[in-house]
Amino acid sequence: MSNREDADRLKALEAKIAALKEPTEEKHHSEEHYSQAQLAWRMVVELVAGLGIGFGIGYGLDTLLGTTPIFLVLFIFFGLAAGVLTMMRSAKEVQRKQLDAAEQEDDARG
């Protein structure tokens, strides 16, 4: 082998060693997973948003049509149902992510 090839191999080896010596950037726990408090607040906000939107639509229709608060009551229930459905969808999403993470850990262990 020539000196040039040896020098190139040596530089490549030094680059690999330097890359391995650099500390890997660890993600903070809050960046990877939601904490239980964050999940709870997310679900509360989804429920309240559904109720608020239902209230707004019902109140608006009652005001426009000049009716008794029948639409208000009706759309509050619709908003409640929509909020609960959104909460359930979020819970299933979080559960699916946790199961995927657990499966990846099991695969990594062997």
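All of these numbers come straight from a predicted model, not from anything done at the bench.

Student: Help me out: how do you make sense of the overall build of the chain in this one?
Tutor: In terms of regular secondary structure, the chain is built from 4 helices and 0 strands. Written out in order from the N terminus, the α and β elements of the chain read α-α-α-α. Put simply, the chain has 110 residues, and 10% of those count as buried. Summed over all atoms, the accessible surface of the chain reaches about 9,400 Å², with 63% contributed by carbon and sulfur.

Student: Even after reading the chapter, I still don't get a negative patch on the surface, so can you show me in this structure?
Tutor: Taken together, the side chains of Asp100, Glu103, Asp106 and Asp107 make up a negatively charged region of the molecular surface. Mapped onto the elements of the fold, Asp107 is located in helix α4 (residues 70-109). Of the residues examined, Asp107 reaches a relative accessible area of 64% and is grouped as exposed.

Student: Whenever I open this one, the packing of helix α3 (residues 36-65) against α4 confuses me. Can you help?
Tutor: Relative orientation and spacing of two packed helices are given, respectively, by the angle between their axes and the distance between those axes. Across the interface, α3 lies against α4 with an axial gap of 7 Å and an inter-helix angle of 155 degrees. By the criterion of interaxial angle, the relationship of α3 to α4 is roughly antiparallel. The interaxial crossing formed by α3 with α4 has right-handed handedness. Residue composition of the contact of α3 with α4, grouped by class: 19 nonpolar, 9 polar and 4 charged.

Student: Mind showing me how you'd approach the side chain of Asp62 here?
Tutor: Along the chain, Asp62 turns up in helix α3. In this structure, Asp62 is buried with no salt-bridge partner, the nearest side chain bearing the opposite charge being Arg89 at 25 Å. Discounting chain neighbours no more than four positions away, the residues touching Asp62 are Thr67, Thr68, Pro69, Ile70, Phe71 and Leu72.

Student: Is there a simple way to explain the pattern of salt bridges in this structure?
Tutor: Between side chains of opposite charge, pairing is possible as soon as their charged atoms come close. Applying the stated criterion across every chain, the model contains 3 salt bridges. In this structure, the salt-bridge partner of Arg42 is Glu93, at a minimum N-O distance of 3.6 Å. Of this pair, Arg42 sits in helix α3 while Glu93 sits in helix α4, and the two are 51 residues apart along the sequence. Residue Arg42 is classed as partly exposed on the basis of its relative accessible area, which comes to 27%. Note that Lys97 and Glu93 form a salt bridge whose closest N and O atoms lie 3.4 Å from each other. Linking Lys97 with Glu93, this pair stays in helix α4, spanning 4 residues, or about one helical turn. With relative accessibility at 44%, the residue Lys97 sits in the partly exposed group. Several salt bridges share partner residues, and in doing so they unite Arg42, Glu46, Glu93 and Lys97 into one network.

Student: Where do I start with α3 in this structure?
Tutor: Residues lying three or four places apart along an α-helix face the same way, a consequence of the helix completing one turn every 3.6 residues. Helix length check: α3 (30 residues) gives 44 Å between terminal C-alpha atoms against 44 Å at 1.5 Å per residue, within 8%. All buried positions along α3 are accounted for by Leu39, Glu46, Gly50, Gly54, Gly58 and Asp62. Looking at the buried residues of α3, the elements they touch are α4. Directly beyond the C-terminal end of α3, a positive phi value near 65 degrees is found at Gly66.

Thresholds applied
- Each residue is numbered by its place in its chain's sequence as written, counting from 1.
- Note on the predicted model: pLDDT of at least 70 is required for a residue's local features to be given, and 80 or more for side-chain atom pairs to be given and counted; whole-chain, interface and lining totals, by contrast, use all residues.
- The side-chain numbers reported here are obtained from all heavy atoms of the structure, hydrogens and water having been left aside.
- Only DSSP runs of H or I covering at least 4 residues are called helices, and only runs of E covering at least 2 are called strands; the numbering of each starts at the N terminus.
- Each residue gets one of three labels from its accessible area relative to the maximum for its type: buried under 20%, exposed over 50%, partly exposed in between, using a 1.4 Å probe on protein chains only.
- The Shrake-Rupley method, run with a 1.4 Å probe sphere, supplies the accessible areas, and residue values consider only the shown protein chains as cover.
- Patch definition: residues with relative accessible area over 30% and no salt bridge; like charges joined within 9 Å; nonpolar side chains (Val, Leu, Ile, Met, Phe, Trp, Tyr) joined within 5 Å.
- We count a salt bridge whenever a side-chain nitrogen from Lys or Arg sits within 4 Å of a carboxyl oxygen from Asp or Glu.
- Only four residue types enter the tally: Lys and Arg on the positive side, Asp and Glu on the negative side, with His and both chain ends excluded.
- All charge positions are set by atom: Lys at NZ, Arg at CZ, Asp at CG, Glu at CD.
- Where helices are involved, their axes are fitted lines through C-alpha atoms of the stretch in contact, as for all axes, and angles between N-to-C directions lie from 0 to 180°.
- Convention used here: angles under 35 degrees read as roughly parallel, angles over 145 as roughly antiparallel, angles from 65 to 115 as roughly perpendicular, and any remaining angle as oblique.
- Left-handed is the label given to a crossing in which the near helix is rotated counterclockwise from the far helix by less than a right angle, and right-handed is the label when the rotation is clockwise.
- Gly falls in the polar group here, along with every residue not listed as nonpolar (Ala, Val, Leu, Ile, Met, Phe, Trp, Tyr, Cys, Pro) or charged (Asp, Glu, Lys, Arg).
- When checking whether two residues touch, look at their non-hydrogen atoms; a contact exists if any pair is within 4.5 Å.
- Helices are assigned an expected span. That span is 1.5 Å times one less than the residue count.

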